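# Reading the structure
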There are 2 protein chains.
Amino acid sequence: MSDSEDFLKIANAGRSAAAGLAPLPRAAKDTALYAVADALVERAAEIVEANARDVEAARQGGTPETMIDRLRLDVPRIESIARAVREVAELPDPVGEVVRGSTLPNGLELRQLRVPLGVVGIIYEGRPNVTVDAAALCLKSGNAVLLRGSSSAYESNTVLVRVMQEALAGTEVPAEAVQLVPGTTRDSVKHLMRARGLVDVLIPRGGASLINSVVEESTVPVIETGVGNCHVYVDAHADLELALEILVNAKVQRPSVCNSAETFLVHAAVADEFVPMALARLAREGVTVHGDERVAAYSGEGSGGAPGAGVSVVAATKEDFRQEYLSLDIAAAVVGSLEEAVEHIRRYGSGHTDAIVTRSQKAARRFVSLVDSAAVAVNASTRFTDGGEFGFGAEIGISTQKLHARGPMGLPELTSTKWVYTGEGHMRTSTGTVIATGSGDMG
Amino acid sequence: MSDSEDFLKIANAGRSAAAGLAPLPRAAKDTALYAVADALVERAAEIVEANARDVEAARQGGTPETMIDRLRLDVPRIESIARAVREVAELPDPVGEVVRGSTLPNGLELRQLRVPLGVVGIIYEGRPNVTVDAAALCLKSGNAVLLRGSSSAYESNTVLVRVMQEALAGTEVPAEAVQLVPGTTRDSVKHLMRARGLVDVLIPRGGASLINSVVEESTVPVIETGVGNCHVYVDAHADLELALEILVNAKVQRPSVCNSAETFLVHAAVADEFVPMALARLAREGVTVHGDERVAAYSGEGSGGAPGAGVSVVAATKEDFRQEYLSLDIAAAVVGSLEEAVEHIRRYGSGHTDAIVTRSQKAARRFVSLVDSAAVAVNASTRFTDGGEFGFGAEIGISTQKLHARGPMGLPELTSTKWVYTGEGHMRTSTGTVIATGSGDMG
C-alpha cells in the first residue's frame with residue numbers, strides 16, 4: 001500500500017471510531033481511560049525497550065544529552081504518564097453540557113449541547129508523553145485522535161499507541177479512536193493537512209516554523225498553539241521592586257516554556273531608576289539583555305556608579321524583539337507612554353500573554369483594554385497563563401489565535417456544539433408558527 | 001497603485017480602525033449605527049441612482065428578471081435596510097461580557113472577557129442589503145469589516161459604503177471600520193484570502209463553489225456558512241399526517257433558503273403508507289421527487305389505485321442526494337432503520353439541519369445523539385434553524401462547520417475572548433505561588 005492509502009485507511013477508521021465514541025456516556029469513557037492507564041503500567045517494560053531504540057538512534061545521530069533526556073522513558077516516567085491519564089478520567093465530561101437553552105415564544109424547546117469535534121489531528125515535536133496525554137484528552141472529550149509525533153520518537157509512539165489500542169479493545173471505546181499516523185516523513189504530515197472532511201481540526205504543538213507551515217498548507221481548520229513572545233511592561237506608576245520581582249520570575253523561573261517573558265518595556269519616566277536595577281539583577285540571574293539604544297545607555301561606562309554600570313547589553317535588532325528565546329535572553333526597550341508599549345506589543349508580540357506592573361487603576365484598565373492578546377496579566381507574572389493554574393485540570397495547548405479557543409485549552413475547547421429543537425408539529429409560515437395537528441402523542 | 005497595494009492600504013486602515021473601535025463603549029457604537037441609518041435614508045436618491053447603473057448593466061448582460069429584482073434598490077427597500085441597522089443598535093453589546101470568572105486559590109482574580117475579533121472579511125454574492133447588514137453587525141460587535149460583494153452590485157456597494165463612511169466620520173467610530181475591497185476581479189478575493197495577520201476571519205456567504213474555493217485557498221481562518229442539504233426523516237413511529245405537514249413545510253414554504261429540506265427519508269415500516277401520500281401531496285405542491293428505486297416503486301402504474309399512483313418520480317443519482325436544490329425538487333429514499341437514515345445523512349448531508357418525525361422518545365433521543373449536524377429538529381420543520389427564530393435578533397450567517405461557531409451566528413459569534421488576571425505581585429514557583437512584596441498600593 002502507498003503512504004497515502006495507509007493514511008486514508010486510518011483516517012476512515014478514525015471517522016468510524018469517532019461516530020462510535022461520540023454518543024458514549026461518561027462511564028464508558030472513564031472505564032476505557034483507566035484500562036489504558038493500567039495497561040501502560042503493566043506493559044512498562046515493553047515501552048522502555050522500544051524507547052531504548054529511539055534513544056540509541058538519537059545518540060548515534062549526535063542528539064545533545066538534554067534532548068535525549070526529553071525523549072527517554074523509564075518506569076517512574078511511565079507511571080507518571082499513567083497517573084495523568086487517571087486524572088483526566090476524573091475530570092468532568094464536557095460532552096452533553098447544555099451551553100444555552102430556552103423555550104422559544106412559539107413553544108419550541110431549544111438547547112445548545114456540547115458535542116465532540118469528531119477526529120482531531122495532533123502534530124507535535126515533543127516528548128513521547130504527549131502521545132498519551134493528547135490521546136487521553138481527546139478520548140475524554142469524545143474525539144478520535146490521529147497522532148503525528150516526532151520521528152525521533154517513532155518506536156516509542158508506536159508501542160504506546162499499540163498498548164493503548166489493546167487496552168481499548170476490551171472496552172466500549174473503539175480501538176481505532178487512538179491511532180498513530182504511519183510514516184516518519186513530511187508526507188505523513190501533508191496527508192493530515194489535506195484531510196479536509198476526514199479530520200475536523202488540526203492542532204500543531206511545537207515551534208513557530210512547524211505551526212506556520214501547517215497554517216499555510218492545511219485545508220483542515222487549524223488551532224495554533226504555543227508560540228509565546230510575552231512582554232512585561234513596567235508602567236510609570238509601577239512599584240519598581242514589585243516590577244523587578246515579577247520580571248525576573250517571568251523570565252527566569254522556567255525559560256523554556258511559552259508563557260515565560262521574552263521582552264520587557266519600561267516607561268521613560270521610571271527608566272533612570274528601573275533599567276539599571278533590572279540590568280544588574282538580570283546579569284546576576286545569568287540573563288543576557290538585548291536592549292534598544294535607550295536601554296543600552298544605562299550599561300557600560302557612561303553610567304558611572306549606577307547599579308547597571310558595567311553590565312553589558314547586546315544591541316537589539318528588530319528580530320530580537322520578535323524572538324521567542326526560550327532561553328536566558330530577554331529583549332528590552334524604553335517607551336514614551338503606555339500607548340507606545342501597547343503599540344510595541346501589537347507590532348512584535350505573538351498574542352500570548354502580556355503583563356503590566358502598575359499601581360494605577362487607570363493604567364491597568366487601559367492596558368487591559370488595548371492589548372489584544374490571549375491573556376493580559378496585571379501585577380502578576382506571565383507564567384500563570386496555564387490550564388493547570390486556571391483550574392482546567394488538563395491542557396491540550398495554549399491557543400494564540402482568536403477563533404474557537406483563545407488561551408489555555410482544556411476539555412471544553414476540544415468540543416463543538418449542536419442545536420437541538422423539539423416541537424410537536426411546528427411549522428414556519430410567513431405570519432408565524434403554525435402547529436400541525438396529527439393523530440397521536442409520543443408513545 | 002497596483003491592485004495589491006490598494007488592498008494592503010485598506011487592510012492596514014482596517015487594522016488601525018479595529019484597534020480604535022475595539023475599546024469603544026456601547027453608546028459610541030450605537031450612536032454611530034443610528035447615524036448610518038439616518039444617512040442611508042437621507043441619501044436614498046443617490047443610492048438608487050448608483051443602483052440603477054448596476055441594474056442597467058445586469059439587464060444588458062441578459063440577467064434574468066428574478067435576479068435583477070434581488071439586485072434592485074428603491075426607497076422603501078433602503079428604508080427597510082436602515083430599519084435593520086437601528087434594530088442592530090438596539091441589541092445588547094456582546095463586547096465586555098464576562099464569559100467565565102473566578103478567584104483562583106492563590107488569590108489571582110481571573111476573568112474571561114468577550115472582545116472583538118478584529119478585522120472581519122465578508123465575501124458574498126447576495127443582494128446589496130448584505131453590505132449594510134454585515135457592516136452593522138460587525139460595528140456593533142466592535143469589528144472592522146472588509147466587504148467583497150458581488151461584482152454585479154459594485155456601483156451600489158460603492159455608494160452604500162461611501163454613505164456609511166461619511167456618516168461614521170462624524171462619530172467616534174473610525175470611518176475605515178467599514179471598507180469595500182477595491183476591484184471586481186477574482187484577484188480582489190485572492191488578496192482577502194491571503195491576508196493572514198491583517199484579516200482575522202473570513203466569512204464567505206454564497207453557494208458551495210464559492211465556499212469551497214475560499215476554504216481551499218485561504219490562509220486566513222474561514223467560517224463556512226450556509227450550504228444546506230437538510231433532511232426530514234420519517235420514523236417507523238411517526239405520526240404520518242404530522243410528518244407530511246412538516247415535510248411539505250420544510251420543502252415548500254421557502255425553497256430558496258438554506259434551511260429548507262432537500263431530501264426525505266422514510267422508514268421501510270411506514271413506506272407503504274407514507275410514500276404514496278407524500279408523492280401525491282408533493283406533486284400537488286409542484287415538487288419534483290428524485291427517488292431511489294424503493295420510492296419509485298410507489299409511483300407509476302404498478303401501484304394501482306394507491307394515492308401516489310401515476311405520480312412520476314425521477315430516478316435519483318448519488319449526486320441528487322448530495323444536491324442543495326434550492327428549488328421545488330427533493331430527493332427521497334426508503335431506509336431500513338433509523339441507523340440507516342443516520343448513515344445516509346452522514347454520507348450525503350451538509351451538516352446543517354436534519355429533522356426526525358416520531359412519536360417515540362427513544363427514537364428521538366437516538367437520532368439527536370447520532371446525527372452530527374449544526375441543528376437537529378424533532379417534530380419540527382427544518383426552517384426554524386435561523387438566528388431570528390432562535391431569538392438572536394440578527395444573524396451574520398449559519399455556520400456548518402464545527403470550530404468557533406456552529407449553526408446560526410449572532411453577535412457573540414463575531415467575538416473572541418481575552419483572559420485577564422489581576423494580582424498584587426503574584427509569581428509562580430516550583431512549589432506554588434509567592435507574592436512579591438512591594439512599596440505601595442494602587443494610587
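Structure: above.
Every value quoted in this text rests on a predicted model; they were computed, and no experiment measured them.

### A closer look at the layout of surface pockets
The space that makes up the second largest pocket amounts to roughly 1600 Å³. Lining the second largest pocket are 47 residues, and of these Arg127, Val130, Arg205, Arg254 and Val257 of chain A sit closest to its centre. Of all the secondary structure elements, the ones that give two or more residues to the lining of the second largest pocket are helix 4 (65-71), helix 5 (75-90), helix 6 (129-140) and strand 14 (397-399) of chain A together with strand 16 (415-429) of chain B. At four residues, helix 6 of chain A tops the list of elements feeding residues into the lining of the second largest pocket.

### Some details on the sheet that holds strand 5 (residues 178-180) of chain A
Residue and element names in this part refer to chain A. Read across the sheet, four strands follow the order 5-4-3-6 without closing on themselves; strand pairing throughout is parallel. Strands with a single pairing partner mark the edges of an open sheet, and in this sheet they are strand 5 and strand 6 (201-205). Along the sheet, successive strands turn relative to each other by an average axial angle of 20°, direction set aside. Judged from the five bridges that link them, strand 3 (residues 119-124) and strand 4 (residues 144-148) form a sheet pairing that is parallel. By the bridge assignment, Val120 is partnered in strand 4 with Val145. This element, helix 7 (residues 154-168), spans strand 3, strand 4 and strand 5 of the sheet and lies at about 155° to strand 5.

### Structural notes on the interface of chain B and chain A
Across the contact, 88 residues belong to chain B and 88 residues belong to chain A. When the two sides are added together, the surface that chain B and chain A hide from each other amounts to roughly 7200 Å², 53% of it contributed by carbon and sulfur. Where chain B touches chain A, the interface holds twelve salt bridges. As a salt-bridge pair, Arg428 of chain B and Glu389 of chain A come within 3.2 Å of each other at their nearest N and O atoms. At the surface where chain B touches chain A, the tally comes to 51 residue pairs in polar contact (both at pLDDT 80 or more). Those elements giving two or more residues to the side of chain B that touches chain A turn out to be helix 1 (3-21), strand 2 (109-116), helix 9 (208-217), helix 10 (240-252), helix 15 (361-370), strand 13 (375-380), strand 15 (407-409) and strand 16 of chain B. Among the elements that take part in the side of chain B that touches chain A, strand 16 of chain B stands out by supplying 14 residues, more than any other. Here the residues of the side of chain B that touches chain A sort into 33 nonpolar, 32 polar and 23 charged.

Calculation rules
- Within each chain, residue numbers correspond to sequence positions counted from 1 in written order.
- Think of it this way: whatever chain is written first is A, whatever ligand is written first is 1, and the rest follow in order.
- In keeping with the model being predicted, local features are shown solely for residues with a pLDDT of at least 70 and side-chain atom pairs are shown and tallied solely at 80 or more, while totals for entire chains, interfaces and linings include all residues.
- No hydrogens and no water enter the side-chain calculation; it runs on all heavy atoms of the structure.
- Points on a 1 Å grid, built from protein atoms alone, make a cavity when a 1.4 Å probe fits but cannot get out and make a pocket when they are open with protein on both sides within 12 Å along at least 5 of 7 lines; residues with an atom within 4 Å of a point are the lining residues.
- Grid points are joined across faces, edges and corners, and a volume is the space filled by probe spheres set on the points.
- In DSSP terms, a helix is any run of H or I states spanning at least four residues, a strand is any run of E spanning at least two, and both are numbered starting from the N terminus.
- Two strands form a pair only when DSSP identifies at least two bridges running between them.
- Every axis in this analysis is a line fitted to C-alpha atoms, fitted for helices over the stretch in contact. Angles between the N-to-C directions lie between 0 and 180 degrees.
- Between two residues, a contact is recorded if the distance between any of their heavy atoms is within 4.5 Å.
- Here the buried area means the combined drop in accessible surface, using a 1.4 Å probe, for two parts upon being joined, counting both sides.
- Definition used for salt bridges: Asp or Glu carboxyl oxygen within 4 Å of a side-chain nitrogen of Lys or Arg.
- Residues adjacent in sequence count toward polar contacts only when both atoms are side-chain atoms; beyond that, a polar contact is any pair of N or O atoms within 3.5 Å, and within protein one must be able to donate a hydrogen and the other to accept it.
- Gly is placed with the polar residues, together with every amino acid not listed as nonpolar (Ala, Val, Leu, Ile, Met, Phe, Trp, Tyr, Cys and Pro) or charged (Asp, Glu, Lys and Arg).

Don't take any of this as a statement about function, it's just geometry.
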